[in-house]
Amino acid sequence: MKQIVLFGAPAAGKGTLAGKIKKILPQIPHISTGDILRENKKNETPLGLKAKEYMDSGKLVPDELVIDMVEDRLKRDDVKNYGYLLDGFPRTLSQAEKLEEIAPAEVVLVLDVPRQELLNRVLGRISCPECNAIYNKFSIPPKKEGICDICGAKLVHRSDDTEETMNKRIDTYEENAGPVIRFYEEKGLVKHVDGTRTMHLTEKEIKSFLEIV
Ligand code: ADP
Ligand code: ZN
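Keep in mind the model is a prediction, meaning the values are calculated, not measured. Per chain, residue numbering runs from 1 following the sequence as it is written. Chains and ligands are labelled sequentially in the order written, the chains with letters from A and the ligands with numbers from 1. Per-residue local features are limited, in this predicted model, to residues with pLDDT of at least 70; the limit for side-chain atom pairs, both in listing and counting, is 80 or more; totals at the level of whole chains, interfaces and linings are taken over all residues. Side-chain metrics in this entry use all non-hydrogen atoms of the structure; hydrogen atoms and water are not considered.

**A look at the sheet that holds strand β4 (residues 107–112)**
By way of backbone hydrogen bonds, the strands of a sheet pair with one another, either parallel or antiparallel.
Next, step 1: Spatial ordering of the open sheet is given by β2-β3-β1-β4-β8, a layout of five strands whose pairing is parallel. What marks the edges here is a single partner per strand, and that holds for β2 (30–32) and β8 (190–194). Pairs of neighbouring strands in the sheet enclose a mean axial angle of 25°, with direction left out of account.
Next, step 2: Bridge count between strand β1 (residues 2–8) and strand β3 (residues 83–87): five bridges; the pairing is parallel. Each residue of the ladder has a partner; that of Val5, found in β3, is Leu86.
Next, step 3: The contact definition used throughout considers only heavy atoms, calling two residues in contact when any of these lie within 4.5 Å. All axes here are fitted lines through C-alpha atoms, helices being fitted over the stretch that makes contact, and every angle between N-to-C directions spans 0 to 180 degrees. Under the scheme used here, helices are H or I runs from DSSP no shorter than 4 residues and strands are E runs no shorter than 2 residues, and both carry numbers assigned from the N terminus. Against the sheet, helix α1 (residues 14–24) contacts β1, β2, β3 and β4, and its axis sits at roughly 160° relative to β1. For two strands to be treated as a pair, DSSP must find no fewer than two bridges joining them.

**Re the packing of aromatic side chains**
Next, step 1: When the centres of two rings from Phe, Tyr and Trp lie within 6.5 Å, Trp using its six-membered ring, the rings pair. Their planes under 30 degrees apart give stacked, over 60 give edge-to-face, and anything left gives tilted. Going through the model one piece at a time under the given rule, you end up with one aromatic pair.
Next, step 2: Between Phe183 and Tyr184, the ring centres sit 5.1 Å apart and the planes meet at 80°, which makes this aromatic pair edge-to-face. The pair Phe183 / Tyr184 is uniform in exposure class, with both members buried.
Next, step 3: The ring of Phe183 has Lys187 lying over it, and the distance from NZ or CZ to the ring centre is 4.9 Å. Buried means the residue's accessible area, taken with a 1.4 Å probe over protein chains only, is under 20% of the maximum for its type, while exposed means over 50%, and partly exposed covers the values in between. Over a ring means this: the NZ of a Lys or the CZ of an Arg is within 6 Å of the ring centre and within 35 degrees of the ring normal.

**A few points about the pattern of salt bridges**
Next, step 1: Whenever a carboxyl oxygen of Asp or Glu lies within 4 Å of a side-chain nitrogen of Lys or Arg, that contact is scored as a salt bridge. In the structure shown here, the tally under the stated rule is 17 salt bridges.
Next, step 2: A salt bridge links Lys52 to Asp56; the shortest N-O distance between them is 2.7 Å. Taken together, the positions of Lys52 and Asp56, both in helix α3 (residues 46–56) and four residues apart, correspond to about one turn of that helix.
Next, step 3: For Lys52, a relative accessible area of 38% puts it in the partly exposed group.
Next, step 4: Of the residues examined, Asp56 reaches a relative accessible area of 45% and is grouped as partly exposed.
Next, step 5: Of the charged contacts in the structure, one is a salt bridge between Arg73 and Asp78, with a shortest N-O distance of 2.7 Å.
Next, step 6: Residue classification places Asp78 among the partly exposed residues on the basis of a relative accessible area of 24%.
Next, step 7: Put simply, Lys41, Lys52 and Asp56 are held in one network by salt bridges that share partners.

**Comments concerning the layout of surface pockets**
Next, step 1: For the second largest pocket, the calculated volume is near 200 Å³.
Next, step 2: Residues are sorted three ways: Asp, Glu, Lys and Arg are charged, Ala, Val, Leu, Ile, Met, Phe, Trp, Tyr, Cys and Pro are nonpolar, and all the rest, Gly among them, are polar. Along the lines of polarity and charge, the residues of the lining of the second largest pocket split into 10 nonpolar, one polar and three charged. Grid points spaced at 1 Å and placed over the protein atoms alone form the basis of the search, with a cavity being a set where a 1.4 Å probe fits but cannot get out and a pocket an open set showing protein on both sides within 12 Å along at least five of seven lines. Lining residues have an atom within 4 Å of a point. Grid points are joined across faces, edges and corners, and a volume is the space filled by probe spheres set on the points.

**A short note on the domain arrangement of the protein**
Next, step 1: Either an automatic procedure or a domain database provided the assignment from which the domain bounds are taken. Partitioning the protein into domains gives domain 1 (2–114 + 161–210) and domain 2 (125–160).
Next, step 2: The straight-line distance from the C-alpha centre of domain 1 to that of domain 2 is 31 Å.

**Describing the site of ligand 1**
Next, step 1: A molecule or strand has a residue near it when one of that residue's heavy atoms lies within 4 Å. Around ligand 1, 13 residues are found, and the nearest of them are Thr33, Lys59, Gly88, Arg91 and Gln95.
Next, step 2: Here a polar contact means two N or O atoms within 3.5 Å. Within protein one must be a hydrogen donor candidate and the other an acceptor candidate, and residues neighboring in sequence count only if both atoms are side-chain atoms. The contact in question runs from a nitrogen atom of ligand 1 to an N or O atom on the side chain of Gln95, over 2.9 Å.
Next, step 3: Across the complex, the protein chains shield 78% of the 530 Å² of accessible surface that ligand 1 would expose by itself.
Next, step 4: The element contributing the most residues to the shell around ligand 1 is helix α2 (residues 33–42), with four residues.
Next, step 5: When grouped by side-chain class, the residues that make up the shell around ligand 1 number six nonpolar, four polar and three charged. Each accessible area is a Shrake-Rupley result for a 1.4 Å probe, and residues are judged covered by the shown protein chains and nothing else.

Structure follows, in structure tokens:
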């Protein structure tokens, strides 16, 4: 049984780390509040309709709505039996306090990536419209600038983000996550993980920060 909370800025590599944790704890339910909210929005459920305006303007959905939603999800048997890997929750102190009441976190993983690296990852992303190969102008450039190594097509930018919007998204993450991470630091639950090497983290390292022997 493991109750794990995952923190990381946009493009920090939360998805990659979550995938690696799932390999070690295959039964653990991966619960992403962003995904659940998007699903509700798409299906126009009562929750989705209420959440829509906040999500579309990049604001946090009000605590009552998100807390009820998560509380429902955490009641299911898979969580009772295998714990959880929470992604995107808690985002506020009241959410963190509520989680303490329902099913307290046992470990809080914080993926650390320097801002410049986050910007490079997102702003440097280019891909091939023909064969879908992915490159990065800074870290994985094609052999010939702007041209796909595999099929020779002209590469296109993959992100709509500009440096300004990306900086704003990182600022918002830091503002929201900061107080919540401190809340968990006081409880001694925080483990910092070097997010510049998420891809190469070994099973042994992940087990050690999850304290699985
Ligand atoms: P992002 O990194 O773009 O914020 P998410 O997928 O985590 O992406 O969330 C998408 C949107 O869903 C957020 O912008 C916010 O409106 C809403 N959301 C997700 N989780 C929460 C939460 N814990 N509390 C409030 N709103 C949330
Ligand atoms: Zn190609």
